[in-house]
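Structural overview
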Amino acid sequence: MEEPGVRQRKKAAPESSNGHEALQTGGETKPGPAFPKVYGLLAVVLLLVLYNFSALVKSQLNQFLGIPDPTRHLAGVRTNYVPTFTADEAKRDAVVEAFKHAWLAYERDAMGDDEYHPISHSGSNLTKAGGIGYAIADSIDTMIIMGLEDEYQRARAWVADELSFERDGNLNTFETTIRVLGGLLAAYHLSGGDLVFLEKARELGSRILPVFETESGLPLSLINLALREGAPDRDSNGYISTAEASTLQLEFRYLAYLTDEETFWEKAEHVMAVLKAGAMPHGLASIFLDPKLGRYRTSSIRLGSRGDSYYEYLLKQYLQTNQTELVYREMYDTAMTGIHKHLVQRGLSSQLLYIAELNPQQTQGGGIEWRLVPKQDHLVCFLGGSLMLGATTSGALVEHVSVPPRTDELTHQGERDWLTGVELINTCMATHDTQTGLAPEIAHFRIPGDRMDGSMAPADWYIKGARPDAPPPFDARYILRPETVESIFLAFRLTGDPKYRDYGWAIFQAIEKHCRIPTGGYASVINVDQVPVEYEDKMETFLMSETLKYLYLLFADSSILPLNEYVFNTEAHPLPVFNPTIRTGFS
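All of these numbers come straight from a predicted model, not from anything done at the bench.

Turning our attention to the packing of aromatic side chains. To describe a pair of aromatic rings, one takes the distance between the centres and the angle between the planes. A complete count under the given rule lists 18 aromatic pairs for this structure. Ring centres of Tyr106 and Tyr116 lie 6.1 Å apart, and the angle between their planes is 80°; this geometry places the pair in the edge-to-face category. Pair noted here: Tyr106 is in helix α3 (residues 89-110) and Tyr116 is in strand β3 (residues 115-117), with a separation of 10 residues, a long-range link. With respect to class, Tyr106 is no different from Tyr116; both count as buried. Between Phe212 and Phe252, the ring centres sit 5.7 Å apart and the planes meet at 90°, which makes this aromatic pair edge-to-face. Here Phe212, found in the loop between α7 (195-208) and β6 (222-224), pairs with Phe252, found in helix α9 (residues 249-259); they are 40 residues apart in sequence, far enough to count as distant. Take Phe212 and Phe252: they sit in the same class, and that class is buried. Ring pairing ties together the aromatic residues Tyr254, Tyr257, Trp265 and Phe578, which thus form one cluster. We note Lys91 situated over the ring of Trp505; from NZ or CZ to the ring centre the distance is 5.1 Å.

To continue, consider the sheet that holds strand β5 (residues 170-172). Reading across the sheet, the three strands line up as β5-β6-β7 and stay open at both edges, with antiparallel pairing between neighbours. The open sheet has two edge strands, β5 and β7 (229-231), and neither has a second partner. Recorded for the sheet is a direction-independent mean angle of 35° between the axes of neighbouring strands. Here β5 pairs with β6 via three bridges, running antiparallel. When the bridges of β6 are listed, Leu171 appears paired with Ile223. Docked against the sheet, helix α6 (residues 173-190) engages β5 and β6, running at close to 65° with respect to β5.

Sheet architecture is open: three strands sit in the order β8-β9-β10, paired in antiparallel fashion. Taken across any chain shown, the strands that pair with only one partner, and hence form the sheet edges, are β8 (240-241) and β10 (295-296). Alignment of strand β9 (residues 288-290) against β10, held across two bridges, turns out to be antiparallel. Within β10, the position partnered with Leu289 by the bridge is Tyr296.

On to the nonpolar core. Judged by nonpolar contacts, the single largest core of 156 residues is most densely connected at Tyr311 and Ile355. In contact with Tyr311, other than residues within four places in its own chain, are Gly283, Leu284, Ala285, Ile301, Arg302, Leu303, Tyr332, Ala335, Met336 and Ile339.

Relative to the 20 Å expected for 14 residues at 1.5 Å per residue, α7 spans 20 Å between its end C-alpha atoms, a close match to the ideal helical length. For α7, a buried count of 10 out of 14 residues is recorded, marking the element as mostly surrounded by other parts of the structure. Residues of α7 that are buried include every one of Val196, Phe197, Leu198, Lys200, Ala201, Leu204, Gly205, Ser206, Arg207 and Ile208, and no others. Buried residues belonging to α7 abut α4 (134-146), α5 (149-161), α6, β6, α9 and α10 (262-277). A distance of 3.0 Å separates the backbone nitrogen of Val196 from a side-chain oxygen at the start of α7, and that oxygen is part of Asp194.

To continue, consider the packing of α3 against helix α17 (residues 542-555). The axes of two packed helices give the description: the angle between them and the distance between them. One can describe the packing of α3 onto α17 by two numbers: an axis separation of 8 Å at closest approach and a directional angle of 165°. Classified by the angle their axes make, α3 and α17 are roughly antiparallel. Between α3 and α17 lies a crossing whose hand is left-handed. Residues Lys91, Arg92, Val95, Val96, Ala98, Phe99, Ala102 and Trp103 of α3 touch α17, and the partners they reach there are Leu543, Met544, Leu548, Leu551, Tyr552 and Phe555. In terms of residue class, the contact of α3 with α17 is built from 12 nonpolar, no polar and two charged.

Once that is clear, we can look at the confidence of the model for the chain. Scored by pLDDT, the chain has a mean of 91; 88% of the residues are at 70 or more. For the stretch residues 1-6, pLDDT sits under 50, and the model shows 22 contacts to residues farther than four places along the chain or on other chains. Scored below 50 in pLDDT, residues 11-32 shows 11 contacts in the model against residues more than four places distant or in partner chains.

A separate point is the environment of Gly182. Structurally, Gly182 can be placed in helix α6. Under the relative-accessibility criterion, Gly182 is labelled buried at 0%. Considering only alpha carbons, one finds Gly182 and Ala572, 390 residues apart in sequence, at a separation of 8.8 Å. Here Gly182 is in contact with Thr177, Glu251, Asn569, His573 and Leu575, once residues within four sequence places are set aside.

Turning our eyes to something else, we now look at the pattern of salt bridges. The tally for this structure, following the rule as stated, stands at 29 salt bridges. Put simply, Glu261 and Arg202 hold a salt bridge, and the shortest N to O gap is 2.5 Å. With a gap of 59 residues between them, Glu261 in the loop between α9 and α10 and Arg202 in helix α7 connect regions that are remote in the sequence. With a shortest N-O distance of 3.0 Å, Glu512 and Arg516 are connected by a salt bridge. A relative accessible area of 24% places Arg516 in the partly exposed class. What you see here is one network of salt bridges that share partners, running through Glu97, Glu512 and Arg516.

Where strand β13 (residues 357-362) and strand β14 (residues 368-373) come together, six bridges link them in antiparallel fashion. Bridge assignment links Glu357 to a residue of β14, and that residue is Val373.

Let us now look at the packing of helix α16 (residues 498-514) against α17. Look at α16 against α17: their axes get within 10 Å of each other, and the N-to-C directions meet at 140°. As judged from the angle between their axes, α16 and α17 are oblique. Where α16 crosses over α17, the handedness of that crossing is left-handed. On α17, the residues touching Tyr500, Arg501, Gly504, Trp505, Phe508 and Ile511 of α16 are Thr547, Leu548, Leu551, Leu554 and Phe555. For the contact of α16 with α17, a count of residues per class yields eight nonpolar, two polar and one charged.

Looking now at helix α11 (residues 308-320). Between the first and last C-alpha of α11 there are 18 Å, a value that for 13 residues agrees with the 18 Å anticipated at 1.5 Å per step. The axis of α11 is deflected most strongly, by about 25°, at Leu314. Among the 13 residues in α11, 13 count as buried, and that is most of the element. Downstream of α11 by one or two residues, Asn322 has phi in the positive range, about 60°.

Calculation criteria
- Residues numbered from 1 in each chain as written.
- Predicted model: local features only at pLDDT ≥ 70, side-chain atom pairs only at ≥ 80, totals over all residues.
- Heavy atoms only, no water.
- Phe/Tyr/Trp six-rings, centres within 6.5 Å; stacked < 30°, edge-to-face > 60°.
- Helix = DSSP H or I, 4+ residues; strand = E, 2+ residues; numbered from the N terminus.
- Buried < 20%, exposed > 50% of the residue type's maximum accessible area, 1.4 Å probe, protein only.
- Lys NZ or Arg CZ within 6 Å of the ring centre and 35° of its normal.
- Pairing = 2+ DSSP bridges.
- Axes fitted to C-alpha atoms, helices over the stretch in contact; angles between N-to-C directions.
- Contact = heavy atoms within 4.5 Å.
- Core = buried A, V, L, I, M, F, W, Y, C linked by side-chain atoms within 4.5 Å.
- Expected span 1.5 Å × (residues − 1).
- Polar contact = N/O pair within 3.5 Å; in protein donor to acceptor, adjacent residues only side chain to side chain.
- Parallel < 35°, antiparallel > 145°, perpendicular 65-115°, else oblique.
- Left-handed = near helix turned anticlockwise from the far one by under 90°.
- Nonpolar A, V, L, I, M, F, W, Y, C, P; charged D, E, K, R; others polar.
- pLDDT = per-residue confidence, 0-100.
- Salt bridge = Lys/Arg side-chain N within 4 Å of Asp/Glu carboxyl O.
- Bend = angle between axes of the 7 residues up to and from the residue.

Rendered as structure tokens:
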């Protein structure tokens, strides 16, 4: 087995009485039989026992009846802190300055281009026919939230005057939906209903609709917006990833709600009906689908790339329509139980909880067996906060859960998911224990029998293929990803625990120290365990749409975009919760 390189570490009430009165007969007191006295004494003893051990008795009775014990402390919630909900203005404003450092560089060098390269001061587009302003559409709502009026007005003017979807080239259906359509819809809502954004969103949604014209109704991976034609991804043999098919729903449903054009809703909802009909008993989903047959292909089961946001949107579809569509709650609950049963694992030394992958392998007899792989993408780190959010909504026994929650407010599944979410966030923070303080793209975990004992391998997790004096593997890079920050934001909102702000500030400082380009913008780091760092000349759009937005909201007042009124799409575009006006839930 490949030996990993060394990862350097940074280092009481009054007692009740029970009297016994004598029986009066004929004016003469006579002693009663002996057994009433014995029973009376036993009754006194029993009452004393019940009184002194009432909490234990009640706890056992509640457990037998399946009733949560309100006196029991909820695991994963600290008891020695005061919940904090007001803004940390200094840290919040530092994040705003970072956003301006990123945006103004893009605006100076690449305004209107899809992507930005801060070292070469240039932009690039996703098709030869030109771009559709991915970076702009992805960033406008962040400007509104941060109160950057001047930057917002310039971006709005570009959308109104320059944005064109007449691009004769293939764009990714999923990315275009979550970044551009989602960004336009969020900008429409947060701007107070500026029709410029809604009109562009409606036009884009209409141009994307042809991807659903397949035999099964599952969408094609690519869309030519000029020709209004969907196209398969030849690199994936025409299959579509599960995450791509099932992460269009929040956007198309909200678009339908705003425009009263039900076809947007129906096309997106039909995808979920197909997936539910083809679901496996454990509720987990393999990462590829056949759009012709409408079935899962035998492929890996994971919560990293190509699988992650399927699980994310099960919960968020339930929340988006004000918890009225129980089908999504059922699918979500089943999936979370499947994750706990088949994918939740622990590392060796420090018992870090992580989410493993299941990979299919063909046997000598031609059958399929599944191999558990101790690998966790950085993308999986969204799940920690998602589980905690699910615990307080899908797993809640009451309409309004306390902050932090109490045990009597959560179901047993809610408690399970809450604790797993807390522990997974701790694991994701552990992967920031690198030379830069940044987490790698992929982490592997030590398991029994991995034949690494006695080697230089770290005792808990490692970057596969990392060796001293050798080119860094792909797994070692940090591309400005937001998933851990997203979970930290959700955990803070659900607990008020300032430790989550400390986590977020540590990550922000690492980004500032190692990713910030002095002339403007931020760049990806090729090896998180190498200082000084080597850069990749690319600033992902999700830095401005997700990473910095979630950091801002972490340090802002918690009344901004409350979780009971908004759901964030997988690109962190906040969409309002609403009550649907059409028949939904596969009806």
